[in-house]
Amino acid sequence: MTNSSVQIKAVIVDAADPERLAGFWAEVLGRQVAGRTGPYVWLDREGDLVVGFQQTSEPRPPGKNRVHLDVSCPDPVTEQRRIEGLGGRRLHAYDDGGFLVMADPEGNEFCVIPDGPDGSVGLDGQGRAHYLDPRPDRRADGKDHH
């Protein structure tokens, strides 16, 4: 492998309403909206990665995103409910893959995955995730039974 000084420094999302989308993502990520510069609305920087929303008049093209974010948390199912309360929605068309795929208010897709020590979600040989599968030690009400 060759050495490279190239790094990803920012993720920029096209948006019809960048203030609204920045507000949604600020809540999802627990960051503040830092401000606006021209057509860009920025979230507060966390580490080396900047997240910005660029105003565009072009509609989001139909179909699956070619690039998407994965956000991690301790409990994806609880996070799903919180994200839906903020204006996001679950995309059930991807349920066969086993991932929790959501869309933000403008339809941009992202996955909610569980935190893990090695950053993996435990894929099987076909590439399907199983973190949303019902656990045998979990009752129908979602509570562990001992």
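Please refer to the structure higher up on the page.
Residues numbered from 1 in each chain as written. Predicted model: local features only at pLDDT ≥ 70, side-chain atom pairs only at ≥ 80, totals over all residues. Heavy atoms only, no water.

Draft legend 1. Inspection of the sheet that holds strand β1 (residues 10–15) at higher detail. Read from one edge of the open sheet, 4 strands run β1-β4-β3-β2, paired in mixed fashion. Looking along the sheet, the strands with just one partner apiece sit at the ends: β1 and β2 (33–37). Neighbour-to-neighbour, the strand axes of the sheet open up by a mean angle of 20°, direction not taken into account. Where helix α1 (residues 18–29) meets the sheet, its contacts fall on β1, β2, β3 (40–43) and β4 (50–55), and the angle it forms with β3 comes to roughly 10°. (Pairing = 2+ DSSP bridges. Helix = DSSP H or I, 4+ residues; strand = E, 2+ residues; numbered from the N terminus. Axes fitted to C-alpha atoms, helices over the stretch in contact; angles between N-to-C directions. Contact = heavy atoms within 4.5 Å.)

Draft legend 2. View of the nonpolar core. With 27 residues, the main nonpolar core has Trp25, Leu43, Phe53, Ile83, Phe110 and Val112 as its most contacted residues. Looking at this core, the element that brings in the most residues is α1, giving 6 residues. What Leu43 contacts, discounting residues up to four positions off in sequence, is Ala22, Trp25, Ala26, Leu29, Arg31, Gln32, Val33, Ala34, Val51 and Phe53. (Core = buried A, V, L, I, M, F, W, Y, C linked by side-chain atoms within 4.5 Å. Buried < 20%, exposed > 50% of the residue type's maximum accessible area, 1.4 Å probe, protein only.)

Draft legend 3. Spatial organisation of the pattern of salt bridges. Tallying each qualifying case throughout the model produces 5 salt bridges. We note a salt bridge from Arg36 to Glu19, for which the minimum N-O separation is 2.2 Å. Note that Arg36 is positioned in strand β2 and Glu19 in helix α1, a separation of 17 residues in sequence. Residue classification places Arg36 among the partly exposed positions, given a relative accessible area of 38%. Residue classification places Glu19 among the partly exposed residues on the basis of a relative accessible area of 41%. With its nearest N and O atoms 3.1 Å apart, the salt bridge here joins Asp95 to Arg90. (Salt bridge = Lys/Arg side-chain N within 4 Å of Asp/Glu carboxyl O.)

Draft legend 4. Spotlight on the side chain of Asn108. As for its position among the elements, Asn108 is in the loop between β7 (100–103) and β8 (109–114). Of the residues examined, Asn108 reaches a relative accessible area of 15% and is grouped as buried.

Draft legend 5. Geometry of the pairing of β2. Where β2 meets β3, 4 bridges bridge the pair, whose relative direction is antiparallel. Each bridged residue has a counterpart across the sheet, and for Val33 the counterpart in β3 is Leu43. Between β2 and β3, which follow one another and run antiparallel, lie 2 residues, and Gly38 among them has a positive phi close to 60°.

Function cannot be inferred from these measures alone, as they are strictly geometric.
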